[in-house]
Structure formats: C-alpha cells, structure tokens
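Residue-level structure breakdown
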Amino acid sequence: MISHPSRHCTVELQALPSRIGQVRRIVSAQLRYWHMDPLIDRAALGVTELLTNVHLHARPDKTCTVEIELLLDRLTVSVRDHDPRLPVVDDAEPLATCGRGLSMVAAMSESWGARPDGESGKVVWFTLPTAVTASPVSARPPRRLVEEVPAAAFADVQHGVELARPHPTPARSAVAG
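Analysis parameters
- Residues numbered from 1 in each chain as written.
- Predicted model: local features only at pLDDT ≥ 70, side-chain atom pairs only at ≥ 80, totals over all residues.
- Heavy atoms only, no water.
- Core = buried A, V, L, I, M, F, W, Y, C linked by side-chain atoms within 4.5 Å.
- Buried < 20%, exposed > 50% of the residue type's maximum accessible area, 1.4 Å probe, protein only.
- Helix = DSSP H or I, 4+ residues; strand = E, 2+ residues; numbered from the N terminus.
- Contact = heavy atoms within 4.5 Å.
- Polar contact = N/O pair within 3.5 Å; in protein donor to acceptor, adjacent residues only side chain to side chain.
- Pairing = 2+ DSSP bridges.
- 1 Å grid on protein atoms, 1.4 Å probe; cavity = no way out; pocket = protein on both sides within 12 Å on 5 of 7 lines; lining within 4 Å.
- Points joined across faces, edges and corners; volume = space filled by probe spheres on them.

With respect to the nonpolar core
Counting residues in each nonpolar core, the largest one holds 31 residues, and the members touching the most others are Val 23, Leu 31, Val 47, Leu 51, Leu 75 and Val 79. Breaking this core down by element, the ones donating at least two residues are strand E2 (8-14), helix H1 (17-33), helix H2 (40-57), strand E3 (63-70), strand E4 (74-81), helix H3 (101-108) and strand E6 (122-129). Looking at which element gives the most residues to this core, the answer is H2, with six residues. Once residues within four sequence positions are removed from consideration, Val 47 is found in contact with Val 23, Arg 24, Val 27, Val 66, Val 77, Val 79 and Phe 126.

Structure (structure tokens):
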C-alpha cells in the first residue's frame, strides 16, 4: 500500500532485495516530486541501509513500513519493523564486508536513532536538513528588473576595436613513430 498526502509518503513491504530497490526508486521519485533533488542520494542510501538491516536481522518476518516526511527544515525517513531488538552500531573490522550501514547513516545524516514501537517492534530513523541543502527548483529563473538605456547611448560606442586572432597550431599525431 502506498499513500501520498502532500508532504508524507508511506510504503509497506517485505524487505527483500528486489523490493529494496523498488522502495529506493519510490523515495527518489517522491523527493523529485517535492523538488528536493539534492536530498535524493543521501535519502536513497539511508533507506537502503535501513531496509538491508531489516532483511538481514529482523525476526519473525521481514514486513516493514517506510515513511518519509518533509517538514519545513528537515526530511525524516523511518523504517518500522516487527523485531523489538534495537540495532547496535559496531566497529567493523577493516576487511569486513558488512557492519558499516548504521555508521554510514550516522555520517551522512543530520541525526538518527532507534526507538521501541509497542511491544513487538521498533522504528529506526534518520533526518536530513532541507533548509540549506535543498531549494525548490523553479521552471524559469527569477525575473530581474532591467534599467532602460536610451538607444543613443549605443551609438557612441567605438567600433574600431580589433581582436587578435589566434594562429592555427600545426597538427601532431598521437601515434608514436
């Protein structure tokens, strides 16, 4: 189920690899619709990491809800699942192939956290600032007032200026020999 009130979007899904990519595309499209293009890469990365954690760690099932909410100065992305265990940020070994997701979310977001959700679930969330990093894209540039200049002012311009022409450079081959 997908709902799209003006500045709020909710997606319910099974956190399977094929669905994670689909949700990433939904989040990207929603941010484009809201004219928040500068936030797309970080929001897509963050939601991918949170959904991957649900896929890898959540029990008893992989059912979850992704919610994005745009307020005046902040975008909040949250993932709610049915596993009450709160995530733990570990220091990954240098050659480890996993274990850095929440550290990346923390590094690229303004803030993040996790909280219990009832008796059998949790919400993991992050925020991105919108006031400085994103501005609505306008279809046309803002209008500028142009001072009127009488045509006589252009008649006084000297036309005798000659620009130096560049001399052609001989062609060289990039092939040795």
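Details of the side chain of Thr 48
Locating Thr 48 in the fold gives a position in helix H2. Within polar-contact distance, the side chain of Thr 48 engages the backbone oxygen of Ala 44 at 2.7 Å. With sequence-adjacent residues up to four places away left out, Thr 48 is seen in contact with Ile 20 and Arg 24.

Some details on the pairing of E6
For E6, a buried count of six out of eight residues is recorded, marking the element as mostly surrounded by other parts of the structure. The pairing of E4 with E6 spans eight bridges and is classified as antiparallel. Within E6, the position partnered with Leu 75 by the bridge is Leu 128. Judged from the six bridges that link them, strand E5 (residues 111-116) and E6 form a sheet pairing that is antiparallel. By the bridge assignment for E6, Arg 115 is matched with Val 123. Linking E5 to E6, which pair antiparallel, is a turn of five residues; within it Gly 118 sits at a positive phi near 70 degrees.

Details of the layout of surface pockets
One number sums up the size of the largest pocket: a volume of about 580 Å³. What lines the largest pocket is a set of 26 residues, among which Asn 53, His 57, Pro 87, Val 88 and Leu 102 lie closest to the centre. Among the elements of the structure, H2, E4, H3 and E6 are those that each provide at least two residues to the lining of the largest pocket. Examining the composition of the lining of the largest pocket, we find that seven residues originate from one element, H2, more than from any other.

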